[in-house]
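# Coordinates in review
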Amino acid sequence: MKISSELTGRSRAGTRRDFLWRMGGGLGGVALTHLLGSDRLLASDALPAHPGFVLRPDGGLHHAPRAKRVIQLFMAGGASHLDLFDYKPSLVKHHGKPSDFGEPVEAFQDGLGPWKAPVWPFKPYGNCGKLLAEPVSALGSVADEMAFIHNMVSRSGVHSAGTFQQTTGYLLPGYPGAGCWVSYGLGSLNENLPTFVVLPDHRGLASNGTKNWDSAFLPAQHQGVSIYPGTPRPIAHLYPPRADWLTEGAERDGRDVLQHLNRAHAASREGDTRLDARIRAYELAARMQLAAPDALDLSGEPAHILKLYGLDHGRSSFDAEINPLEETDYFGRKCLVARRLLERGVRYVQVWSGNDNGFPRRNWDSHEDVERDQGPLATGMARGAAALIQDLRQRGLLDDTLVIWSTEFGRMPSTQGGKGRDHNPFCFTTWMAGGGIKGGTTYGPSDEWGYKPADRKAPTQNYDVHATMLHLLGADHTRLTFRHNGIDRRLTDVHGHVIEPLLA
Amino acid sequence: MNPRTSFAALCALVLGVGFFQARSANGAASAALPAPAPRSVDFVTDIQPILARRCLECHGPQKQKSAYRLDNQPIAFRGGDSGHAAIVPGNSAGSPLIRSVTSSDRDERMPPKGDPLTADEVGLLRAWIDQGATWPESASARVDDPRDWWSLQPLRRPTVPKVLGLENGENPIDAFVRARLLGSGGGASAEADRRTLIRRVTFDLTGLPPTPEEVAAFLADKDPRAYERLVDRLLSSPHYGERWARTWLDIVHYGDTQGYDKDKPRLNAWPYRDYVIRAFNEDKRYSRFVQEQIAGDVLFPDTADGIEALGFISAGPWDFIGHEEVPETKTDGRIARHLDRDDMVSNTIGTFASLTVHCAQCHDHKFDPIRQEDYYALQSVFAAVDRTERRYYRDEEMTRARSGREAGIRAITRRERELNDEVKRIGGDALKQADAKIAGAPSAAGELDRLRAAREDLITSVVPAGIRTALADTIAASKSANKALDAMPKPLVVFVGSVHHGSGNFRGTGPDDGRPRPIFVLARGDVNKPGAKAVPAALRCVSEVPSAFGLPDDAPEGQRRAALAAWLTNPENPLTWRSIVNRVWQQRFGRGIVETPNDFGKMGGRPSHRDLLDWLALEFRDGGQSFKTLDRLIVLSATYRQVSTPAGKSGIEDGDNRLLGHMNRRRLDAEGVRDTVLSVSGQLDRMMYGPGFQDFVVEKPEHSPHYQYHLHDPEDPKAHRRSVYRFLVRSQQEPFMSALDCADPSMRVDRRNETLTPLQALAMLNSSLTVAMARHFAERVEHEAGTGPEACVDRAFSLATQRAPTPSERAELMGYARQHGLTAMCRLLMNLNEFVYVD
């Protein structure tokens, strides 16, 4: 295996141990290095997620997959399709004139001002000539890999419900995140790491908090695991808090004692597989203590990679005001960690940009000033996302890694009287790239103003995006079900169509 | 009346709803009935052809308008959606079928098309009914009647099976279970040893481990009734209510924050949690428990229990932004309120009746006999209430006095507003200008005073004295009423489902005197596609209990909830009683007789022991509706007391142990693990009741509070209380509890998941709680057992597992403790499989 040989070639056992103990130690971590033969660490044989699901030899659940893993980039607060991806000449032409939607508009906040031209100029990129705005121009280098959907609609213009709809498929809490469904249907590619990892915006959780990736009624192993790279405890409970009695030896010997006693206990209670499974869970935990820091350690990344992600700025502190450099650092770092997780077999990684819609804005909810907020955020996002796509491509991983860029809704073509835009759940943009996606595609145009889909009868919804995602992963969205409170639940509820024109 | 509605009314008539009775009462539509045919009538030759010719087009194999059909005997007799019999054998004049075919009102008469039935035809029908309405089975169409479902059948007391080896007077539970086992060729297992029993029953009934002293005393107790006395002691422990309350809070999805966006804290939810704990400890009668939670304010007015219990309605999440920032006039505001009521309806019917009524939100239920109209009828029951706060006292008189004063103030405020509007109207533009001047005036006091005086002069000159006096009086009355209210002792506050009177952005039904919002049947569940107006009612699929409330349109909203509570607690409602005893059974065996406690419909599980379920339901219903009595009966049964590891092969295929040939081994739930960790470490604070403790630090509370669990100090003694007193955040669950499958308060949880994951192992090993408690555990052991290593190991082991270690266990643990210290060893003990599994 390419990746495993790369790792073992580095002979990082010592480094790993140092890292482990620097981070606070782990139960039997060192004693377990023998368990962590690199083959095990990077076991690629998928484990069945559920007794009812048996994967095909090609790794698909219902049909041959085009992608094995997913990375979703989520812009919390409502990224402006009009200022970034969906160029509208009419807005330039009519900028400042009173807006006229030709029908009553129910905006989230009241008071729709004049039409507002996109904040930034657009230029064509790639062979496809896709028009992109200045802050996202970094994506121009991968424009031919991307497929845009410009006629997304949401059932809600409220952050909470809108975000839930994009993350879980439902408007209310209590439903599993999309990554949970993928974990449930397809299982793990590497038992030593969580199947579904979330890299939240470190400045705060977006609307709905961790409910966006909770397993809800699905078993807990499918839950998105929050990881905060670069912090003392990047995964909850990965290491114990410091205590003088928690020595390396106590951890090592303790693991053995625990296993002896638990095995004796299980031996006198024959036939209860849960007792054995719990013993195994402790073994896997110890492996995760080794595998996780390794996956999160960026110190071995070569200079050209750090440069690619915009992490070569040499700064350790940033200005107080929101600025592109800082946003590039944050988002790029998460994208790079995401790549490391993906190449180690994590099935689904979700990267968040934007916190809780509070102030000062470190989120995409630009009611007051699109330029001030979305300029730096989009610049950072585009740099990281473009680097990720290029990096995956150069490693041969883009072919079977699906990239999805989402937000809960877009923004209105008019101002709210000032420099901001209100929520637009009636039309917004999502884009995809990578595994099985036809690059250079623009699908589902919006109308003249970017206010609603050009064809109002045929909008695209989250259900369609999710159906397409599952399709590419080798699963039929109508058959990936879990019975809960009387209903065979699906990620796509009772909706969803695979968006054929996007498929390669 | 348009043709469609008139047709609906006609259909309703055949069903013999209250409508029919109302018509016959005033006699307007009753004509003299044709006489019955004076001869013997045969169904096949005389009646069936009439039905086929005139009725079956709409009420036959192709269509079943109003769920009524006349080709199938049981349905033809029982009636359709109304829940009232349509054919009463022996009484044709009292049979709604005859009334509907003879009505003189063209809009009501059946059939709606063509001529009415002839006098001869009616005469034949009448004679057939009067002669006993014999309908041969061979002439009755076979139909899959969705109401022929086990859970909807009336409760009937089954005979307790006679089982060889079980004497008369033995526990009937065992008779039912043994009979089923024997019938399958299996057998029961032996009774578990006493150490296993005390560990099992103590965890089950209190959620805490027995102390080594309690175990020793029980092992030494020679009284043959020792186990019974143990059970009685546990049932009277205050921890019994705490344990049960946690289960109940799972089911009703109780939480201490609003959830959704911003997830603001809900600081006064806990009195409901305390109410539930008290209810179980006081062994409150179940029907009263149900009634208080749905309509306590109406049925038991001004009682503290009757108010606190309404925390049931508001237990689930609330979309703060969708209500506070988006008004009902906008689609998103309507969606938020629709989903809010949906949560109340699903919670009520799921909790008490174990049906998945929410599936009928967009269309008729696909599997169960629940119509879309039924669902919206239930939404209209909750159409006036919102999630809000209510003030009260323990003392009923004071609560009454306060409510009276609050209502008085609302009336005065309204009067004041009306008078002010009147003044504004009379004052016209001149007054508007005066007001604008005041609003824009510089803050210099003198100028402002002058403008105000000018405004007063203007009013004095144009507004009639009567109005001015009335306004002044009202303002004075408002002041004194508010003063009187403020003079009352500080009230208690609880977050409940109630009419919202607040004056903030979010407008409830308070300003409309609590008049319910109109509810419509929504096409495909779309708030912008309202259809017929919904009428508050219960479910029609329960044949034994009338679903119609018969409330006048202007009845106070609380009457709707009271009627639903009455329907649910009707002794003949088979769902209620089956539902609750199944939940109790699940608590004791780890699995219900029906494995899906929230779903007794077609998508749910079937009962493994249907007779036992019914027997328990009736025993509970008619035997005082006491949880403690039922729990006692179950845990005293030989079935409950069996070993959890079967001796050898049972000889039958029952991998899931559905037949209970042995006891089920169970893992402690998240609360059980946490409480046991605190308990064995000697740190558990047993203080009951009151606001929940917070095991997190709140940062940035002003916009969206950040609930930072990792910043919490595990040594904070305030957080060493039982887990049922945790402050439950919806947007972000506590990682340790969540790793151990605690209930998600955003979701109605009828069964906990039981997962075994690496993250769970890491949580057990490395959580700040485990590590901090390991030290306390070791200190306690040293204190209690002295410093001798063997005594310490033995003491620690018996605290953790309620038994002495075997020699080899002792040797291994002593070796470890000697090398790495007692604290490290104590941490290991809390990670044993035996620590978290109960045999």
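What you see is a predicted model; the values in this text were computed from it and never measured. (Residues numbered from 1 in each chain as written. Chains lettered and ligands numbered in written order. Predicted model: local features only at pLDDT ≥ 70, side-chain atom pairs only at ≥ 80, totals over all residues.)

## Some points on the overall build of chain A
Counting secondary structure elements, chain A contains 13 helices and 14 strands. For chain A, with 504 residues in total, the buried portion stands at 60%. Excluding contacts between residues fewer than 6 apart, the proportion of contacts in chain A whose partners are at least 24 apart in sequence is 76%. (Helix = DSSP H or I, 4+ residues; strand = E, 2+ residues; numbered from the N terminus. Buried ≥ 20, exposed ≤ 12 C-beta atoms within 10 Å, placed from the backbone. Contact = placed C-beta atoms within 7 Å.)

## Regarding helix α12 (residues 238–252) of chain B
Along its 15 residues, α12 of chain B runs 21 Å from first to last C-alpha, staying within 8% of the 21 Å computed at 1.5 Å per residue. Downstream of α12 of chain B by one or two residues, His253 of chain B has phi in the positive range, about 50 degrees. (Expected span 1.5 Å × (residues − 1).)

## Things to note about the interface of chain B and chain A
Taken together, the 69 residues of chain B in the interface contact 65 residues of chain A. At the level of secondary structure, the elements contributing two or more residues to the side of chain B that touches chain A comprise α16 (320–324), α17 (331–353), α28 (758–766), α29 (768–785), α31 (807–820), α32 (822–829) and α33 (833–836) of chain B. Of the residues forming the side of chain B that touches chain A, the biggest block, eight residues, is contributed by α28 of chain B.

## Considerations on the domain arrangement of chain B
How big an interface is tends to be stated in terms of the accessible area lost upon association of its parts. The domain boundaries assigned to chain B delineate domain 1 (3–145), domain 2 (194–236 + 572–662), domain 3 (285–392 + 507–567), domain 4 (408–490) and domain 5 (667–838). Taking the mean C-alpha position of each, domain 2 of chain B and domain 4 of chain B sit 67 Å from one another. (Domains from an automatic or database assignment.)

## A look at the packing of helix α14 (residues 286–299) of chain B against helix α22 (residues 557–568) of chain B
Residues and elements named next belong to chain B. The geometry of α14 relative to α22 is characterised by a closest axis approach of 8 Å and an angle of 145 degrees between their N-to-C directions. Considering the relative orientation of α14 and α22, their crossing is left-handed. Across the interface between the two elements, Val290, Gln291, Ile294, Ala295, Asp297, Val298 and Leu299 from α14 touch Gly558, Arg561, Ala562, Leu564, Ala565 and Leu568 from α22. A per-class count over the contact of α14 with α22 returns nine nonpolar, two polar and two charged. (Axes fitted to C-alpha atoms, helices over the stretch in contact; angles between N-to-C directions. Left-handed = near helix turned anticlockwise from the far one by under 90°. Nonpolar A, V, L, I, M, F, W, Y, C, P; charged D, E, K, R; others polar.)

## Side note on the pairing of strand β4 (residues 146–152) of chain A
Residues and elements named next belong to chain A. Of all seven residues that make up β4, seven are buried, and the element is covered over most of its length. Pairing of β4 with strand β12 (residues 441–443) involves three bridges; the strand directions are parallel. When the sheet's bridge partners are listed, Phe148 is paired in β12 with Thr442. (Pairing = 2+ DSSP bridges.)

## Side note on the sheet that holds strand β8 (residues 401–407) of chain A
Residue and element names in this part refer to chain A. Reading across from one edge, β6-β5-β7-β1-β8-β11-β4-β12 is the order of the eight strands in this open sheet, with mixed pairing throughout. Of all strands in the sheet, those with a lone pairing partner are β6 (225–226) and β12, marking the two edges. Helix α13 (residues 462–472) contacts β1 (69–75), β8 and β11 (428–434) of the sheet and is inclined by roughly 170 degrees relative to β8.

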